[in-house]
Amino acid sequence: MNTIAMNSMQRTLTALGQQEPDRVPLFLLTTLHGSREVGLPIQEYFSRAENVIEGQMRLLRKYRGDCLYPFFYASIETEAWGGDTVFLPDGPPLCGAPVIQRPEDIDSLQPPSVADAAGLGRVLDSIRGLKAKVGDTVPIIGVAISPFSLPVMQMGFDHYIELIYEQPERFERLMQANIDFCVEWSNAQLAAGATAICYFDPVSSTTNIPRELYLKTGQQVAKRAISRIKGPTATHLASGRGLPIIGDIADTGTAVVGVSVLEDLAELKAAANRRVSLLGNLNGIEMRHWTAAQAELEVKRAIAKAGRGGGLLLGDNHGEIPCQVPDEVLLAIGDAVERWGRYPLDWVDDWTDPKPA
Amino acid sequence: MNELITPFRLSLETLDRVQADKLFQQALTQYSPIQAVEKLVVPALEQIGVAWEEGSVALSQVYMSGRFCEELVERVLPPSDPDRKHQPRSAIVVLSDYHMLGKRIVYSVMRASGFELFDYGRMDVDELVQRVLDDRLRVLLISVLMLPSALKVKEVCARLRVAAPGIRIAVGGAPFLFDAQLWQEVGADAMGHSAADAVSLVQRWMEEMQ
């Protein structure tokens, strides 16, 4: 336990080192809230790095979180591959038509250059701008879609499942192209000032593929990619289940696993066995209609289950909080972390969950 | 027939097409095609759906199982077969977002269970409401992945309650799994936790509508 006040970077690094910092780090992964904060429509907000820098800095101050999250939207990566993005007024931008129309297209697929992709350049400018403002006091979390999960956007989930099962050679060719891209993209973000890379890998979740298939596919791809990424990674399953493979994910060399509300945080903590830290697992969908009292209860429950000994970054379970979640809830979460997240968490032994699962 | 269900289900989960085909053919030696579907395919897909809800089977297995069963059933019950269940007039749609896998799975499982239904693909609210009225639907299945799309179901339900009284609307997809109150909030009649739920819902509504 550390009673000396820490900055966000110290707090996070201490927790990741499986030690107790001054309080549980709060990783509120908000993106679209930034557009509301600066008063711009979503598409316009993401059109300039300066908007995102301003938005993220305002959110950091407002919600008292412990990280900056200059993630724009997932399809900014497929834009680099020639795809397009569909912007909505009230939700995350969506990936347009698949860039791989037929499996045969994979045979001639070449990974794009990060330097040539305007959208990725805006993300890098945002990271540089944020780094200039916070230096080494606040972790800046970059994002890369895993090579194994990117094909959901590149070719559609149904066609991708068929590819995995039925066309192993084309699958391998696609993975090689995606690994090269993911590594270049991740390292560019780290060079721009990102502290770590959130490696989004929902397809690897046991919600989506069985463990035995993960061991032959997603895990091997992760090992090949993460070993070439020149900084720490957090593997995020985007609200999919991961308890049966948490040790397997740790074997990929990642430092953190983003975990689902569908699984018990205490069981996840035990399974992680101090080999990886946990990020999660508040329910971002349900959060939309939480009261302040519910927010406090959910925070207490998560901290009681997994806070002790460090190794917990409290956040939502999906890796992006929906913009429909109101400020009052996010502020209540911050208040609850301040109140109940201070180590040494003496209250935990005497606390009884009023609504146990 | 019960003794075939578990091996059939396991052959589907392990993508053993040869074994699944063999077991289905075995069922056909004892029963008519529609009986084989109802006594073997439907229970096996129901069990797979429950296993997915519990976390012991993955979506990739659900998808491949549904697709394979759809092919098996198509061979013995083509769309024009009188034993196919064309009533109540039903359709499935992805509302607003672009994530098609859930709809594809439900569509396969419905067809593998002997139902015929329209596949509307992806639509926005106005187009969907108009198409439902034009086709005189009695059952609409809506699949979404994103929360904003789930919230748009509310407008679909409100407009169809006025324009097509008596229509039954079921919703499914991730937002509804993570927020147990959401299907009621948007005004749906029911939610499906898995593709197999869609079959039991439509079967129940079919009986109620007769």
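About the cut-offs
Residues numbered from 1 in each chain as written. Chains lettered and ligands numbered in written order. Predicted model: local features only at pLDDT ≥ 70, side-chain atom pairs only at ≥ 80, totals over all residues. Heavy atoms only, no water. Helix = DSSP H or I, 4+ residues; strand = E, 2+ residues; numbered from the N terminus. Rg over C-alpha atoms; globule rule 2.2 N^0.38 Å. Buried < 20%, exposed > 50% of the residue type's maximum accessible area, 1.4 Å probe, protein only. Domains from an automatic or database assignment. Contact = heavy atoms within 4.5 Å. Buried area = accessible area lost by both parts, 1.4 Å probe. Salt bridge = Lys/Arg side-chain N within 4 Å of Asp/Glu carboxyl O. Phe/Tyr/Trp six-rings, centres within 6.5 Å; stacked < 30°, edge-to-face > 60°. Lys NZ or Arg CZ within 6 Å of the ring centre and 35° of its normal. Expected span 1.5 Å × (residues − 1). Polar contact = N/O pair within 3.5 Å; in protein donor to acceptor, adjacent residues only side chain to side chain. Core = buried A, V, L, I, M, F, W, Y, C linked by side-chain atoms within 4.5 Å. Arc of directions from axis to C-beta. Pairing = 2+ DSSP bridges. Right-handed = clockwise from strand over helix to strand, strands pointing away. Axes fitted to C-alpha atoms, helices over the stretch in contact; angles between N-to-C directions. Parallel < 35°, antiparallel > 145°, perpendicular 65-115°, else oblique. Left-handed = near helix turned anticlockwise from the far one by under 90°. Nonpolar A, V, L, I, M, F, W, Y, C, P; charged D, E, K, R; others polar.

### Points about the overall build of chain B
Link 1 in the chain: A tally of regular secondary structure across chain B gives 10 helices and five strands.
Link 2 in the chain: A globule of 210 residues ought to have a C-alpha radius of gyration of about 17 Å, and chain B, at 17 Å, matches this closely.
Link 3 in the chain: For chain B, the spread of C-alpha atoms along the principal axes amounts to about 50 × 35 × 25 Å.
Link 4 in the chain: For chain B, buried positions account for 57% of its 210 residues.

### Some points on the domain arrangement of chain B
Residues and elements named next belong to chain B.
Link 1 in the chain: Per the domain assignment, the segments making up chain B are domain 1 (2-76) and domain 2 (90-209).
Link 2 in the chain: Using only C-alpha atoms to locate each centre, domain 1 and domain 2 end up separated by 24 Å.
Link 3 in the chain: Every contact between the two is made by 17 residues of domain 1 and, on the other side, 16 residues of domain 2.
Link 4 in the chain: The largest contributions to the domain 1 side of the interface with domain 2 come from Glu53, Tyr63 and Glu70, which together make up 34% of the buried area.
Link 5 in the chain: There are three salt bridges connecting domain 1 and domain 2.
Link 6 in the chain: A salt bridge links Glu70 to Arg104; the nearest nitrogen and oxygen atoms lie 3.4 Å apart.

### What to know about the packing of aromatic side chains
Link 1 in the chain: Counted according to the given criterion, the structure contains 13 aromatic pairs over all chains.
Link 2 in the chain: Three or more aromatic residues joined by ring pairs make a cluster, and in this case those are Tyr45, Phe46, Phe72, Tyr73 and Phe87 of chain A.
Link 3 in the chain: Directly above the ring of Trp340 of chain A sits Lys300 of chain A, whose terminal nitrogen or CZ lies 3.7 Å from the centroid.
Link 4 in the chain: Just above the ring of Tyr98 of chain B sits the side chain of Arg122 of chain B; from NZ or CZ to the centre is 4.2 Å.

### A closer look at the environment of Arg48 of chain A
Link 1 in the chain: Structurally, Arg48 of chain A is set in the loop between α3 (42-45) and α4 (49-63).
Link 2 in the chain: Residue Arg48 of chain A is classed as partly exposed on the basis of its relative accessible area, which comes to 44%.

### Quick notes on helix α4 (residues 59-76) of chain B
Link 1 in the chain: Over its 18 residues, α4 of chain B runs 26 Å from end to end, which matches the ideal 26 Å to within 8%, given 1.5 Å per residue.
Link 2 in the chain: Taking burial as the measure, the 18 residues of α4 of chain B include 14 buried ones, the bulk of the element.

### What to know about the side chain of Asn317 of chain A
Link 1 in the chain: With respect to the secondary-structure elements, Asn317 of chain A resides in the loop between β9 (312-316) and α15 (327-340).
Link 2 in the chain: Overall, the relative accessible area of 3% leaves Asn317 of chain A in the buried class.
Link 3 in the chain: A polar contact is formed between the side chain of Asn317 of chain A and the backbone nitrogen of Val261 of chain A, at a distance of 3.0 Å.
Link 4 in the chain: Sequence-distant contacts of Asn317 of chain A, defined by excluding residues within four places in its chain, comprise His236, Ala238, Ser239, Val259, Ser260, Val261, Asn281, Leu282, Asn283 and Gly284 of chain A together with Phe178 of chain B.

### A word on the nonpolar core
Link 1 in the chain: Formed by 172 residues in total, the largest nonpolar core has its most connected members in Ile333 of chain A together with Phe8 and Leu141 of chain B.
Link 2 in the chain: Looking at this core, the element that brings in the most residues is helix α9 (residues 168-192) of chain A, giving 12 residues.
Link 3 in the chain: Each of domain 1 (2-76) and domain 2 (90-209) of chain B contributes no fewer than three residues to this core.
Link 4 in the chain: Every residue in contact with Ile333 of chain A, bar those within four places of it in the chain, is listed here: Leu26, Leu28, Leu282, Met287, Trp290, Ala295 and Val299 of chain A.
Link 5 in the chain: Grouped together as the second largest cluster of nonpolar side chains are 30 residues, Leu95, Leu160, Ile169 and Met191 of chain B included.

### Some points on unusual backbone geometry
Link 1 in the chain: For the bond running from Gly280 of chain A to Asn281 of chain A, omega is -15 degrees, close enough to zero to count as cis.
Link 2 in the chain: Looking at the secondary structure, you find Asn281 of chain A in strand β8 (residues 277-282).
Link 3 in the chain: Here Tyr343 of chain A and Pro344 of chain A are connected by a cis peptide whose omega angle stands at 25 degrees.
Link 4 in the chain: Among the secondary structure elements, Pro344 of chain A is positioned in the segment after α15.
Link 5 in the chain: Located in the positive-phi region is Arg64 of chain A, a residue other than glycine, with phi close to 60 degrees.
Link 6 in the chain: Topologically, Arg64 of chain A is positioned in the loop between α4 and α5 (75-80).
Link 7 in the chain: By relative accessible area, Arg64 of chain A is classed as partly exposed at 32%.
Link 8 in the chain: For Ser96 of chain B, which is not a glycine, the phi torsion comes out positive at approximately 75 degrees.
Link 9 in the chain: Structurally, Ser96 of chain B is set in the loop between β1 (90-95) and α5 (101-112).

### Section: the interface of chain A and chain B
Link 1 in the chain: Listed as interface residues are 30 residues of chain A and, on the opposing side, 31 residues of chain B.
Link 2 in the chain: Interface area for chain A against chain B, summed over the two sides, is near 2,500 Å², with a carbon-plus-sulfur share of 64%.
Link 3 in the chain: For the pair chain A and chain B, the number of links is five salt bridges.
Link 4 in the chain: Across the salt bridge formed by Glu185 of chain B and Arg288 of chain A, the nearest N and O atoms sit 2.9 Å from each other.

### Section: helix α1 (residues 8-16) of chain A
All names here are of chain A.
Link 1 in the chain: Among all positions in α1, only Ser8, Met9, Arg11, Thr12 and Ala15 are buried. Axial view of α1: buried residues confined to an arc of 165 degrees, hence all on one face.
Link 2 in the chain: Structurally, α1 contributes buried residues whose contacts are with β1 (26-27), β8 and β9.
Link 3 in the chain: Between the side-chain oxygen at the start of α1 and the backbone nitrogen of Met9 there is a gap of 3.1 Å, and the oxygen is on Asn7.

### Quick look at the pairing of β9 of chain A
All names here are of chain A.
Link 1 in the chain: Of all five residues in β9, five are buried; the element is thus mostly enclosed.
Link 2 in the chain: Direction of pairing for β1 relative to β9: parallel, over a ladder of two bridges. Bridging from a neighbouring strand, Leu26 pairs with Leu314 of β9.
Link 3 in the chain: As paired elements, β8 and β9 share five bridges and run parallel to each other. Bridged to Gly280 within β9 is Leu314.
Link 4 in the chain: Traced from β8 through helix α14 (residues 292-306) to β9, the parallel crossover comes out right-handed.

### Points about the packing of helix α6 (residues 125-134) of chain B against helix α7 (residues 147-163) of chain B
Residues and elements named next belong to chain B.
Link 1 in the chain: Running from amino to carboxyl end, α6 crosses α7 at an angle of 30 degrees, the nearest separation of the two axes being 10 Å. Classified by the angle between their axes, α6 and α7 sit roughly parallel to one another. Considering how the two elements wind past one another, α6 and α7 form a crossing that is right-handed. Contacts between α6 and α7 pair Val125, Asp126, Leu128, Val129, Val132 and Leu133 from the former with Lys152, Glu155, Val156, Arg159, Leu160 and Ala163 from the latter.
Link 2 in the chain: Broken down by class, the residue content of the contact of α6 with α7 amounts to eight nonpolar, no polar and four charged.

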